[in-house]
Amino acid sequence: VEGVLTHEPLVGPLVPELHELVSAAARDVHDGEPARIDAFLWNLYGPAWGDIGGNAERWVARHRLTVAREVGHFASFAPTLEALRSIAVPDVTTIGERSAQPRRDVADLLADCGAIVRTVPECGHLVPLENPAAFAAAIDDLLTRVGDLT
């Protein structure tokens, strides 16, 4: 691995508020899926979730089982600060300007660990859909940094 591009990643208990949202969803499972997936996603993604309007309902319907399978994994994910600080390759992390506060807390923590954080304007969590040009610029930034190392 020569570089890492992440978008609003989860960092487990290192950001307790976000971790609790994910863990609560993992505990609130009925018949194999989160009981309140729409409320979970609203809490996780903030106002941007509502901004996509009717697309949110279609997204939930299409991806309900995927989210159900992943939420347990996300809840159990628990990197350490030492592990995050030991990333020895360029790490560019993007975050939407309108993302929920716990997501901004993650970006701040990653910046403290050495990541280059790019805040994407006029976006929530769905940066690749809401501002694809800015997301492409973050990818270009990472590729430039990786190229500078070779």
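The coordinates are above.
Since the model is a prediction, treat every value here as computed from it, not as a measurement.

**Some thoughts on the side chain of T93**
Okay, so step 1: Here T93 shows up in strand β4 (residues 91–96).
Okay, so step 2: Overall, the relative accessible area of 1% leaves T93 in the buried class.
Okay, so step 3: Of the polar contacts made by the side chain of T93, one reaches the side chain of D91; its length is 3.3 Å.
Okay, so step 4: Each residue touching T93, except ones within four places of it in the same chain, is listed here: T6, E8, P9, L110, A115, I116, V117 and R118.

**Re the nonpolar core**
Proteins that are soluble and globular tend to have nonpolar side chains buried together.
Okay, so step 1: Within the largest apolar cluster, 14 residues are counted, with the highest numbers of intra-cluster contacts made by V11, L84, V106 and L110.
Okay, so step 2: Counting only elements with at least two residues in this core, the list comes to α1 (16–27), α4 (54–76) and α6 (101–112).
Okay, so step 3: Setting aside chain neighbours within four positions, we find V11 in contact with F77, P79, L84, V106, L109 and L110.

**Quick look at the pairing of strand β5 (residues 116–120)**
Okay, so step 1: With five bridges connecting them, β4 and β5 associate as parallel partners. Bridging across to β5, G96 finds its partner in V120.

**Quick look at the environment of V106**
Okay, so step 1: Tracing the chain through its elements places V106 in helix α6.
Okay, so step 2: Classification of V106 as buried rests on a relative accessible area of 1%.
Okay, so step 3: Sequence separation between V106 and V15 is 91 residues; the distance between their C-alpha atoms is 6.4 Å.
Okay, so step 4: When near neighbours in sequence (up to four residues on either side) are disregarded, V106 contacts P9, V11, V15 and L18.

Cut-offs applied
Residues numbered from 1 in each chain as written. Predicted model: local features only at pLDDT ≥ 70, side-chain atom pairs only at ≥ 80, totals over all residues. Heavy atoms only, no water. Helix = DSSP H or I, 4+ residues; strand = E, 2+ residues; numbered from the N terminus. Buried < 20%, exposed > 50% of the residue type's maximum accessible area, 1.4 Å probe, protein only. Polar contact = N/O pair within 3.5 Å; in protein donor to acceptor, adjacent residues only side chain to side chain. Contact = heavy atoms within 4.5 Å. Core = buried A, V, L, I, M, F, W, Y, C linked by side-chain atoms within 4.5 Å. Pairing = 2+ DSSP bridges.

Scope: geometric values only; no functional claims are made or implied.
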